[in-house]
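Okay, here's what each chain looks like letter by letter:
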Amino acid sequence: MRWECPHCLGPCRVRTSKTLHADYRVAYLQCQNPLCGWCGKGEYVVTETTVPSGMPNPAYQGQLAKHVPWTFKQPKPPEDMFRRDES
């Protein structure tokens, strides 16, 4: 997986990462552009199984832990700035 710096758009490297759950991993990132120097934190989240395993792990629950701070929120569509309300 490739991470891009949100500022200079250069490549970032994963300095370290932690597995907090089988489906959730936190990565600490560093921009490789020495003039930029940005550092940040990213997340890897498995959201669904698309092909079942040929060697299923009976201990794997296939769901995110309750302590994982990840939730999906449906984005709101942008308002139309040019449309007049003709009531």
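These figures come from a predicted structure and were not determined experimentally.

**A closer look at the pairing of strand 2 (residues 24-31)**
For step 1, the next point in the chain: Across eight bridges, the pairing between strand 1 (residues 12-21) and strand 2 is antiparallel. Residue pairing for strand 2: threonine 16 is matched across the bridge by tyrosine 28.
For step 2, the next point in the chain: Counted between consecutive antiparallel strands, the loop separating strand 1 from strand 2 contains two residues.

**Details of the environment of methionine 1**
For step 1, the next point in the chain: Looking at the element boundaries, methionine 1 is found in the segment before strand 1.
For step 2, the next point in the chain: Residue methionine 1 is classed as exposed on the basis of its relative accessible area, which comes to 80%.
For step 3, the next point in the chain: As for methionine 1 and tyrosine 44, which are separated by 43 residues in sequence, their C-alpha atoms are 9.7 Å apart.

Conventions adopted
Residues numbered from 1 in each chain as written. Predicted model: local features only at pLDDT ≥ 70, side-chain atom pairs only at ≥ 80, totals over all residues. Heavy atoms only, no water. Pairing = 2+ DSSP bridges. Helix = DSSP H or I, 4+ residues; strand = E, 2+ residues; numbered from the N terminus. Buried < 20%, exposed > 50% of the residue type's maximum accessible area, 1.4 Å probe, protein only.

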